[in-house]
Amino acid sequence: MQIREIYGDSNTSNADLLNTVYQNSKTGIDSIDYILPRIKNSNLKKDLASQMAGYFKFINRVSSKFDDIDESPSDLFILSRIPSMAYMKLKVYVDDSESHLAEVIIENSTSGLIEAQKIYNRCRNLDCEISQIGCEAIYFEQKSINRLRNYL
């Protein structure tokens, strides 16, 4: 759940959506960074590296927009992700097959996609550029999930 009230003024909605995209991107980078060294398949490795690069682009865009609205990302959201990161590491420890590693990333991306879509649907009076970032992040996650399904 978001720290801010989602139905508030446009600045609050803008910050909520930006924060969701930022935190999902950070979580995606952390997950891929942990899994990438365990992968031998060059195609899967290339696809995950491309996905990570996409997350870095979102972080840069979102950081710039945070500056524009005189806000910053919430660190509390990261604290709530610690248990899921620990669970992900346990799942990788138990089964480090490439199919399972792709599945783990798909699960994490799906979780981020759901959260981003929920926040996007609830936000009101979004800045046009921030709305576009949200749409692009949702599309990016969908595309990434579809690409990784080939490795299952």
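What you are looking at is a predicted structure, and each value in this text was computed from that prediction instead of being measured.

Here we look at the confidence of the model for the protein
Consideration 1: Across the protein, pLDDT averages 87, with 88% of residues at or above 70.
Consideration 2: Counted against residues more than four places away or in other chains, residues 1–9, with its pLDDT under 50, gives 22 contacts.

With respect to helix H5 (residues 128–148)
Consideration 1: Between its first and last C-alpha, H5 extends 30 Å over 21 residues, near the 30 Å set by a 1.5 Å rise per residue.
Consideration 2: Taken as a whole, H5 has its buried residues at Ile 130, Ser 131, Ile 133, Gly 134, Ala 137, Ile 138, Phe 140, Glu 141, Ser 144, Ile 145 and Leu 148.
Consideration 3: Two or three places before Glu 129, at the opening of H5, Asp 127 has a side-chain oxygen 3.0 Å from that residue's backbone nitrogen.

Concerning the packing of helix H2 (residues 42–68) against helix H4 (residues 98–122)
Consideration 1: Packing of H2 against H4 brings their axes to within 12 Å, and their N-to-C directions diverge by 20°. When the interaxial angle is binned, H2 and H4 end up roughly parallel. Of the two possible hands of crossing, H2 and H4 adopt the one that is left-handed. Contacts between H2 and H4 involve Leu 44, Leu 48, Gln 51 and Tyr 55 from the former and Glu 98, Ile 105 and Ser 109 from the latter.

A few points about the packing of H2 against H5
Consideration 1: The contact between H2 and H5 brings their axes to 11 Å, and the two run at 170°. By the angle between their directions, the pair H2 and H5 is classed as roughly antiparallel. Between H2, through Leu 44, Asp 47, Leu 48, Gln 51, Gly 54, Tyr 55, Phe 58, Arg 61, Val 62 and Lys 65, and H5, the contact on the second element is made entirely by Glu 129, Ile 130, Ile 133, Glu 136, Ala 137, Phe 140, Glu 141, Ser 144, Arg 147 and Leu 148.

About the cut-offs
Residues numbered from 1 in each chain as written. Predicted model: local features only at pLDDT ≥ 70, side-chain atom pairs only at ≥ 80, totals over all residues. Heavy atoms only, no water. pLDDT = per-residue confidence, 0-100. Contact = heavy atoms within 4.5 Å. Helix = DSSP H or I, 4+ residues; strand = E, 2+ residues; numbered from the N terminus. Expected span 1.5 Å × (residues − 1). Buried < 20%, exposed > 50% of the residue type's maximum accessible area, 1.4 Å probe, protein only. Polar contact = N/O pair within 3.5 Å; in protein donor to acceptor, adjacent residues only side chain to side chain. Axes fitted to C-alpha atoms, helices over the stretch in contact; angles between N-to-C directions. Parallel < 35°, antiparallel > 145°, perpendicular 65-115°, else oblique. Left-handed = near helix turned anticlockwise from the far one by under 90°.

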